[in-house]
Amino acid sequence: MQRIALLGATGSIGESTLDVIARHPQRFEVVALVAHRNWQKLAQQCRAVRPRYAAMHDPAAARSLAQALAGTPTRVLSGNDDICSIASSADVDTVLAAIVGAAGLASTLAAARAGKRILLANKEALVMGGRLFMDAVRDGGATLLPIDSEHNAIFQCIDRDGATCDLRRILLTASGGPFRTRDVATLAGVTPDEACAHPNWSMGRKISVDSATMMNKGLEVIEAHWLFGLPRAAIDVVIHPQSVIHSLVEFADGSMLAQMGNPDMRIPIAHALAHPARIDSGAAPLELARLAALTFEVPDLGRFPCLGLAYAALDAGGSAPLALSAANEVAVDAFLGGRIGYLDIARGCADTLARCDVREVDSLDDAVAADAAARRIACTVLGLPPASTMTSLAA
Ligand code: NAD
Ligand code: MG
């Protein structure tokens with residue numbers, strides 16, 4: 001029995017994970033469920049899987065959850081410290097890290113230090129933690145398995161012996177999102193619902209906007225750099241609108257391996273949960289004969305400036321990727337809330353990156369400080385009141 005803590009249980013990845021786990025009651029035991037403040041949904045999930053612990057980031061929501069779960073075996077906890085305790089608890093073997101954004105860094109880092117098996121969906125934690133996070137994985141003796149579909153695909157292609165020395169490069173595929181072919185002159189006026197209408201994947205709203213701007217792919221380039229220890233020059237991005245090939249690896253002899261499947265996150269989740277075994281994910285099989293074509297394009301950095309910003313942040317190193325990700329969170333939150341326009345996202349990120357000091361990130365305190373500084377700058381350049389967009393790492 002693998003004992004699992006699911007961080008971000010009420011989200012899109014959280015729900016897909018519970019769906020896969022429910023298909024294999026003999027293999028997995030859900031020990032803890034964690035979410036931000038949707039206590040009604042977490043209560044429902046707790047009644048179904050009866051975890052030992054449930055935690056809400058928001059204390060008022062935790063109180064409501066405790067009332068709703070009175071008389072059940074679930075003990076209710078609250079706040080970031082309790083969430084970190086769950087992530088490092090001796091009762092837990094595997095931490096599925098699916099909190100969205102910087103809010104997931106502290107708990108994911110705690111899991112790494114405690115030597116857990118970490119199934120990582122929360123790419124922002126790795127982008128922002130960078131070397132600090134990878135050092136914690138190594139020093140804590142943790143195992144890191146990627147859930148992000150592209151990284152999971154690459155992992156599957158190189159998993160034979162884990163060696164990356166005979167790799168020439170990796171190619172991350174990107175769908176191009178809802179605005180791949182839209183007239184660029186009309187982008188200023190797009191609405192949050194248009195930006196969230198992803199052609200192939202159903203996901204949380206933040207990552208959906210990131211997919212529209214291709215900041216998501218930029219964050220994934222940085223994620224791949226840390227996960228696979230590859231230089232920027234060995235990480236390419238190719239647009240593949242059908243989202244059937246989830247990424248590719250090119251070896252020294254010119255061979256390319258790709259991982260394919262329907263765009264259903266239950267596939268990489270099932271892969272990482274059962275690794276090195278294979279289990280049913282519930283995803284429909286891919287019917288090759290029904291695919292009209294698989295096509296590929298070079299991304300246009302004029303249409304998708306956020307991808308170029310991510311490459312620039314990776315080149316700058318230190319706290320630059322962290323600052324970019326923090327600025328992007330501020331901007332996307334403001335866009336989803338109707339306070340800024342779509343094109344302001346890239347502009348706010350570029351201006352923040354240009355203005356922030358690049359420092360080393362050697363501790364969680366360094367990360368919290370760099371995060372707060374970047375959020376302050378982002379609010380200033382976007383004309384937002386400082387308090388309205390903070391979802392601080394330290395919260
Ligand atoms: P979502 O918005 O649907 O869910 C986010 C979850 O995080 C929710 O359960 C929410 O309650 C929880 N959360 C937010 N702030 C929290 C806090 N401070 N403390 C505790 N819990 C908190 O997002 P999602 O689409 O499921 O994405 C989750 C992560 O997985 C993101 O980092 C995203 O980039 C990554 N990811 C998602 C997909 C996908 O298909 N959805 C694919 C690849 C990677
Ligand atoms: Mg992805």
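As the structure is a prediction and not an experimental result, all values here were calculated from the model. (Residues numbered from 1 in each chain as written. Chains lettered and ligands numbered in written order. Predicted model: local features only at pLDDT ≥ 70, side-chain atom pairs only at ≥ 80, totals over all residues. Heavy atoms only, no water.)

**Q** I'm lost on the coordination of the magnesium ion (ligand 2) in this one. Help?
**A** In ideal tetrahedral geometry, four donors around a metal make angles of 109.5 degrees, whereas ideal octahedral geometry with six donors gives angles of 90 or 180 degrees. The magnesium ion (ligand 2) binds to the protein through D148 (OD), E150 (OE) and E220 (OE), with metal-donor distances spanning 2.1 to 2.2 Å. All donors to the magnesium ion (ligand 2) come from one chain, and their sequence spacing reads D-x1-E-x69-E. Of the two residues, D148 is situated in the loop between β7 (143-146) and α7 (149-158) and E220 in helix α10 (residues 215-228); the sequence distance between them amounts to 72 residues. Across the pair, exposure class does not vary: D148 and E220 are buried alike. (Donors = N, O, S within 2.8 Å, 3.2 Å for Na, K, Ca; no water. Helix = DSSP H or I, 4+ residues; strand = E, 2+ residues; numbered from the N terminus. Buried < 20%, exposed > 50% of the residue type's maximum accessible area, 1.4 Å probe, protein only.)

**Q** Teacher, can you tell me more about the packing of helix α4 (residues 80-87) against helix α5 (residues 105-113) here?
**A** Between two packed helices, both the angle of their axes relative to each other and the distance between the axes serve to describe the pair. Remark: α4 packs on α5, axes separated minimally by 8 Å, with the N-to-C direction vectors making an angle of 30°. Our classification of the angle between α4 and α5 gives roughly parallel. In this structure, the crossing between α4 and α5 has a hand that is right-handed. Contact with α4, carried on its side by N80, I83, C84 and A87, involves A106, S107, A110 and A111 of α5 and no other residues of that element. When grouped by side-chain class, the residues that make up the contact of α4 with α5 number 6 nonpolar, 2 polar and no charged. (Axes fitted to C-alpha atoms, helices over the stretch in contact; angles between N-to-C directions. Parallel < 35°, antiparallel > 145°, perpendicular 65-115°, else oblique. Left-handed = near helix turned anticlockwise from the far one by under 90°. Contact = heavy atoms within 4.5 Å. Nonpolar A, V, L, I, M, F, W, Y, C, P; charged D, E, K, R; others polar.)

**Q** Before we go on, may I ask you to explain the pairing of strand β6 (residues 117-120) in this structure?
**A** Side chains on a regular strand alternate between the two faces of the sheet. Of the two faces of β6, the one carrying R117 and L119 and the one carrying I118 and L120 are both buried. As paired elements, strand β5 (residues 94-97) and β6 share 4 bridges and run parallel to each other. By the bridge assignment, V95 is partnered in β6 with I118. With respect to chirality, the unit in which β5 leads through α5 into the neighbouring parallel β6 is right-handed. Taken together, β6, helix α6 (residues 123-140) and β7 constitute a β-α-β crossover, and its handedness is right-handed. (Pairing = 2+ DSSP bridges. Right-handed = clockwise from strand over helix to strand, strands pointing away.)

**Q** Just checking my understanding: could you explain unusual backbone geometry for this structure?
**A** Trans is the prevailing form of peptide bonds, just as negative phi is the prevailing case for residues other than glycine. Here the residue pair H275 and P276 is connected by a cis peptide bond, since its omega of 10° sits within 30 degrees of zero. As for its placement among the helices and strands, P276 is situated in the loop between α11 (266-274) and α12 (305-316). Non-glycine residue R50 carries a positive phi angle of around 50°. Here R50 shows up in the loop between α2 (39-49) and β3 (53-56). For R50, a relative accessible area of 54% gives the class exposed. Unusually for a residue other than glycine, M214 sits at a positive phi of about 65°. Here M214 lies in the loop between α9 (205-213) and α10.

**Q** In this structure, what is going on with the site of ligand 1? I would like to understand it.
**A** Taken together, 23 residues lie around ligand 1, and T10, S12, H36, E124 and G204 are the ones closest in. Interatomic distance of 3.3 Å between a backbone N/O atom of G8 and an oxygen atom of ligand 1. One of the side-chain N or O atoms of T10 is found 2.7 Å from an oxygen atom in ligand 1. Isolated, ligand 1 exposes 820 Å² of accessible area, and the fraction of that covered by the protein chains is 90%. (Near = heavy atom within 4 Å. Polar contact = N/O pair within 3.5 Å; in protein donor to acceptor, adjacent residues only side chain to side chain. Areas by Shrake-Rupley, 256 points an atom, 1.4 Å probe, with all protein chains shown as cover.)

**Q** What is the right way to read the packing of aromatic side chains from this model?
**A** How two aromatic rings sit relative to each other is set out by the distance from centre to centre and by the angle between their planes. A full pass over the atoms with the stated rule returns 2 aromatic pairs. Between the aromatic rings of F179 and Y342, the centroid separation amounts to 5.2 Å while the plane-to-plane angle is 85°, which identifies the pairing as edge-to-face. With F179 in the loop between β8 (167-174) and α8 (192-196) and Y342 in the loop between α13 (320-336) and α14 (343-355), this residue pair connects regions lying 163 residues apart in the sequence. The same class applies to F179 and to Y342, which are both buried. When the centroid spacing of 5.8 Å and the interplanar angle of 65° are considered together, the rings of F335 and Y342 count as edge-to-face. In this structure F335 comes out as buried when scored by relative accessible area, which is 2%. Within the aromatic cluster, the residues linked to one another by ring pairs are F179, F335 and Y342. (Phe/Tyr/Trp six-rings, centres within 6.5 Å; stacked < 30°, edge-to-face > 60°.)

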